[in-house]
Amino acid sequence: MAQLAQTKYSPYEWHNSNNKNFKSAETERACAERLQSESKRLTDETDEITRFTQEDVNKKLAQRLRQLTFWKDEVHSQLFAVDKEIDTLLKHKAMLENSLEATEHPQSVTTSCLTYREGREGIDLVHDDVEINLLKEVEVIDGVRAVLVRTLEQAIEQVRRLRSAKYFLQKDVADKNTAIGIDNVCHHLNNADTDTHLYEGVTQELSSAVTPADWSSYSDANIKKAECEKQASVTLRSVITGVIEQTRNDLVTQCRNVDVSLNKRVQECTNAKDRLNSHLDKVEKEIDSMESNISKLKTAIEDKIPPLKVAHTRLANRSQRPNIELTRDPAHSQLVNEVQLIEDSIAKLEKQLEASESSLKGLIRNQIDLKEDIRIKTKSLHIDKDLCQDIRATIDYAHY
């Protein structure tokens, strides 16, 4: 009964259902064939596009590696030149420091000489050529030190600028080496490599990325800046050489001027002292002679006293003659004349003695003055010759 309840279809329906299924299968088969054909075409097309794109990327990576290598070599070459220039400039900087140090001893010597010469006394404390040249030497040394210090400051600043340029060059080379390493790895990657992965967001725009023009301009700017600083350093080295040479000539010239004037002054002082000693010898001989003369004059005066006494006594005795015998006879006249002659002689001798004693005092004063002047000259010679010349002999600009 259950079987009798099932729906029965007519032969038309049966044929119609079969035809419908045949058509549906044919349609689906045709669609599948079209899809398969389109899939093969799309697969071949995408394979070609992928292969072409990958080959183009490889070419561009190779091109990029060549660009990186070129700029790296250019930057590295400039880095080597800057590094060499820094070493050369540092040597010139050391030369400046040595020159500056070499002025310290001459400066001390010149100051000491001026101090020593303040110890001169009396008439020898003169503003002579030696003092003028010593003061000029102080001025020259101070001027030279000021120039050396300014030039040294320029050298220090230029070294700093070169090192700054070197830093950017080193950083550029390091960055390019890193980039070359990365791009070299990327260039050698292929589809058979197992160390490849899919990453999210790798195609997003890089916010910190620069344009190729900016990239090449950066290295070019670093090279140009380094070249500019290198040329400035070369110019400064030439200036340093000229400054050292010129200042050395100035110092040597003024040192020679001081030495010449000092030698001349020592010779003048020596000659003056010799002449003073010569005059002192003559004065001392004259003093001895004058003392002998005074002694003789005193003796001559004393020798006149007995005859004078005799004449006086004779006159006194004869004045006692009595009465008519008290006459002005020739004997009396001659005795009076004798007394006058002797007293006149004594007066002349005493006048001569007074003049001689006055002359002796003058000679003694002159002797004292000569001895004092000789003492002053001796001290001046000690200062100029034994102190100044000896200490100035230690000045040496050979290693300036």
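Residues numbered from 1 in each chain as written. Predicted model: local features only at pLDDT ≥ 70, side-chain atom pairs only at ≥ 80, totals over all residues. Heavy atoms only, no water.

**Q** Report on the overall build of the protein, specifying residues and quantitative values.
**A** A count of helices and strands for the protein gives five helices and zero strands. Tracing the protein from N to C terminus, the helices and strands come up as α-α-α-α-α. Relative to a compact globule of 400 residues, whose C-alpha radius of gyration would be 21 Å, the protein shows 62 Å and is clearly more extended. Along the first, second and third principal axes, the C-alpha set of the protein runs to 245 × 45 × 30 Å. Residues classed as buried in the protein amount to 28% of the 400 residues present. Residue pairs at least 24 apart in sequence account for 91% of intrachain contacts in the protein once pairs closer than 6 positions are excluded. Seen as two clouds, the 57 positive and the 68 negative side-chain charges of the protein have centres 3 Å apart. (Helix = DSSP H or I, 4+ residues; strand = E, 2+ residues; numbered from the N terminus. Rg over C-alpha atoms; globule rule 2.2 N^0.38 Å. Buried < 20%, exposed > 50% of the residue type's maximum accessible area, 1.4 Å probe, protein only. Contact = heavy atoms within 4.5 Å. Lys, Arg positive; Asp, Glu negative; His and termini not counted. Charge placed at Lys NZ, Arg CZ, Asp CG, Glu CD.)

**Q** Provide a residue-level description of the nonpolar core, including the pertinent values.
**A** Grouped together as the largest cluster of nonpolar side chains are 43 residues, with contacts concentrated most on Leu 96, Leu 148, Ile 240, Leu 251 and Tyr 400. Elements supplying a minimum of two residues to this core: α1 (11-102), α2 (104-117), α3 (129-188), α4 (212-318) and α5 (330-392). Ranked by residue count, the leading element in this core is α3, at 14 residues. The contact partners of Tyr 400, leaving out residues within four places of it in the chain, are Ser 99, Ala 102, Thr 103, Val 144, Leu 148, Ile 244, Thr 247, Arg 248 and Leu 251. (Core = buried A, V, L, I, M, F, W, Y, C linked by side-chain atoms within 4.5 Å.)

**Q** Help me get a handle on the side chain of Ser 219, residues and values and all.
**A** Checked against the element boundaries, Ser 219 lands in helix α4. For Ser 219, a relative accessible area of 0% translates into the label buried. In this structure the side chain of Ser 219 is engaged in a polar contact, spanning 2.6 Å, whose partner is the side chain of Lys 176. (Polar contact = N/O pair within 3.5 Å; in protein donor to acceptor, adjacent residues only side chain to side chain.)

**Q** I'd like a description of unusual backbone geometry, backed by residues and values.
**A** Positive phi, close to 45°, is recorded for Asn 323, a residue that is not glycine. Here Asn 323 shows up in the loop between α4 and α5. Here Asn 323 falls in the exposed class, since its relative accessible area comes to 72%.

**Q** Explain the pattern of salt bridges residue by residue, including any values.
**A** Applying the stated criterion across every chain yields a total of 36 salt bridges. Among the charged side chains, a network of salt bridges with common partners joins Arg 117, Arg 120, Asp 128, Glu 131, Arg 265, Glu 268 and Asp 384. (Salt bridge = Lys/Arg side-chain N within 4 Å of Asp/Glu carboxyl O.)

**Q** Please give an account of the packing of α2 against α3 that cites residues and values.
**A** Contact pair α2 / α3: the axes reach a minimum separation of 10 Å and the direction vectors enclose 155°. By the angle between their axes, α2 is roughly antiparallel relative to α3. The chirality of how α2 crosses α3 is left-handed. For the pair formed by α2 and α3, the contact residues are Glu 104, Pro 106, Gln 107, Thr 110, Cys 113, Leu 114 and Arg 117 on the first element and Val 130, Glu 131, Leu 134, Leu 135, Glu 137, Val 138, Ile 141, Asp 142 and Arg 145 on the second. Of the residues belonging to the contact of α2 with α3, the class tally is eight nonpolar, two polar and six charged. (Axes fitted to C-alpha atoms, helices over the stretch in contact; angles between N-to-C directions. Parallel < 35°, antiparallel > 145°, perpendicular 65-115°, else oblique. Left-handed = near helix turned anticlockwise from the far one by under 90°. Nonpolar A, V, L, I, M, F, W, Y, C, P; charged D, E, K, R; others polar.)

**Q** Residues and numbers for the confidence of the model for the protein, please.
**A** In this model, the protein carries a mean pLDDT of 91, and residues with pLDDT of at least 70 account for 98%. Considering each helix and strand of the protein separately, the mean pLDDT is smallest for α1, with a value of 90, and largest for α2, with 96. (pLDDT = per-residue confidence, 0-100.)

**Q** Describe the packing of α1 against α3, naming the residues involved and giving the relevant values.
**A** Geometrically, a packed helix pair is captured by the angle between its two axes and the distance between the axes. Where α1 meets α3, the axes come as close as 7 Å, and the angle between the chain directions of the two elements is 160°. One element, α1, and the other, α3, form an angle in the roughly antiparallel class. Crossing hand, α1 versus α3: left-handed. By residue class, the composition of the contact of α1 with α3 is 25 nonpolar, eleven polar and twelve charged.

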